[in-house]
Each structure stands twice: as C-alpha cells, then as structure tokens.
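Summary of the model geometry
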Amino acid sequence: MPIVDGNSFIYTVKPGDTLYSIASNIGGTVPLLVEANAIYPPVTDPYLIFPGQILVITTPGNRQVNHIVSTGEALYEIANRYATSVDSILGINPHITNPNLIYQNQVLQVPALIYLVEPGDTFANIAQRFGISTSTLFEANRNRPGLAPDVIYPGYQLIIPVPM
C-alpha cells in the first residue's frame, strides 16, 4: 500500500495564503502541493486555492501526521475529523496541559496516515482497505480541493484516520 513516508501536515488555507507562502512556511514545494491536493485542471484552475480549504503538505521525516490548529478550532472538532476521541489526541500530545486551550498554528499529532492514490483506486475500495466507512474517509478529507467521492486522481494524498 502506498502510505506516504514523511512528516505530513494538515493545513487550513488562510486569507492571503499562496501555495508559495505555504510551501515556504511549512516546507515542501509548490509542485508537490499541487499534485498532492489536485490543484490543476480539470479539477480547478492551476494554483487556485481558497481560505478554508484543507491542504496536505508532506516534508521529509518520520511517518507522522500533524494537524495545524486553525482559528476557532476546538479539540473535539479535531478529534471528530479524525474519527477519534479527545482523550486519544491528548494521549499522543502530552504537551497539551489543558484540553480546552489550544492555539492557532499549534501543531498537534493526529492518529492518521496519508495515502497516495494509485490508478484504479476508488473512494470506496480505499475506505474498505483501511477498515473505515466512506463517510469517515470523506469527513477526514472535508474541504479539500479536488475531492469528490466519485472521482479521485492518482497522486492525490488522502487523509486516512487510524482508529485508536
């Protein structure tokens, strides 16, 4: 299975962000961001992103998935997105001393993998392969550019929740 090796970040696009600024701040390259998030025709205009979209950015490192906290997010919302509990997120993030107090741009490790879509993959067979429902898979990837349950592109990087 093509699980992406590297340190992956789940990032919410903010007003004024560009692919270049995101790649510069977090790491990675613009071409990798474009491919991993299907930011190309016929999915969308090239390099077109909008505030609120969720992007996957992978940099060299350990196989770990990190969620960058967006303005107004709460720990229970993040847990919901990854089909886990607040307690599970607290367990892998011992630096959180108060579960009611997380900050914008704080990096939290989450129980997930990043899967590189291959030719012939479908949303349903990927969900089945990982033992999760298609709705769980779709929720983890909500607000991602280039995502539709009936069409996914080879090279796209899907967030896969890992039940804990």
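Our structure is the block above this text.
From a predicted model like this one, the values you see are computed outputs, not experimental measurements.

For N25, the location among the structural elements is in helix α1 (residues 19-26). Along the sequence, N25 and Y76 sit 51 residues apart, while their C-alpha atoms lie 27 Å from each other.

It is worth spelling out the nonpolar core at this point. Membership of the largest hydrophobic core comes to 19 residues, with the highest contact counts inside it found for I10, I78, Y82, I114 and I159. Where this core is concerned, the elements lending two or more residues are β2 (54-59), α3 (75-81), β4 (107-110) and β5 (112-116). When residues of this core are assigned to their parent elements, the largest contribution, 3 residues, is made by α3. Ignoring sequence-local partners within four residues, the contact set of I78 consists of H67, V69, E73, I89, I102, L108 and V110.

Pairing is mixed across the open sheet formed by 4 strands, whose spatial order is β2-β1-β3-β4. The open sheet is flanked by β2 and β4, the only strands paired with a single partner. Taken over all neighbouring pairs, the strand axes of this sheet differ in orientation by 30° on average, direction set aside. Taken together, the 4 bridges between strand β1 (residues 7-12) and strand β3 (residues 64-68) define a ladder with parallel strand orientation. Bridging from a neighbouring strand, S8 pairs with V65 of β3. Its contacts with the sheet place α1 against β1, β2 and β3, and it is angled at close to 45° to β2.

Counted by the stated rule, this structure contains 3 aromatic pairs. Each ring, one from Y40 and one from Y153, has its centre 6.2 Å from the other, and the planes form 75°; the classification is edge-to-face. A residue pair is termed long-range when its members are at least 10 positions apart, and Y40 in the loop between α2 (30-36) and β2 and Y153 in the loop between α6 (134-140) and β6 (157-161) qualify at 113 residues. Here Y40 falls in the partly exposed class, since its relative accessible area comes to 22%. By relative accessible area, which is 24% here, Y153 ends up partly exposed. Taken together, a centroid distance of 5.9 Å and an interplanar angle of 70° make the contact between F123 and F138 edge-to-face. With F123 in helix α5 (residues 123-129) and F138 in helix α6, this residue pair connects regions lying 15 residues apart in the sequence.

Calculation notes
- Residues numbered from 1 in each chain as written.
- Predicted model: local features only at pLDDT ≥ 70, side-chain atom pairs only at ≥ 80, totals over all residues.
- Heavy atoms only, no water.
- Helix = DSSP H or I, 4+ residues; strand = E, 2+ residues; numbered from the N terminus.
- Core = buried A, V, L, I, M, F, W, Y, C linked by side-chain atoms within 4.5 Å.
- Buried < 20%, exposed > 50% of the residue type's maximum accessible area, 1.4 Å probe, protein only.
- Contact = heavy atoms within 4.5 Å.
- Pairing = 2+ DSSP bridges.
- Axes fitted to C-alpha atoms, helices over the stretch in contact; angles between N-to-C directions.
- Phe/Tyr/Trp six-rings, centres within 6.5 Å; stacked < 30°, edge-to-face > 60°.

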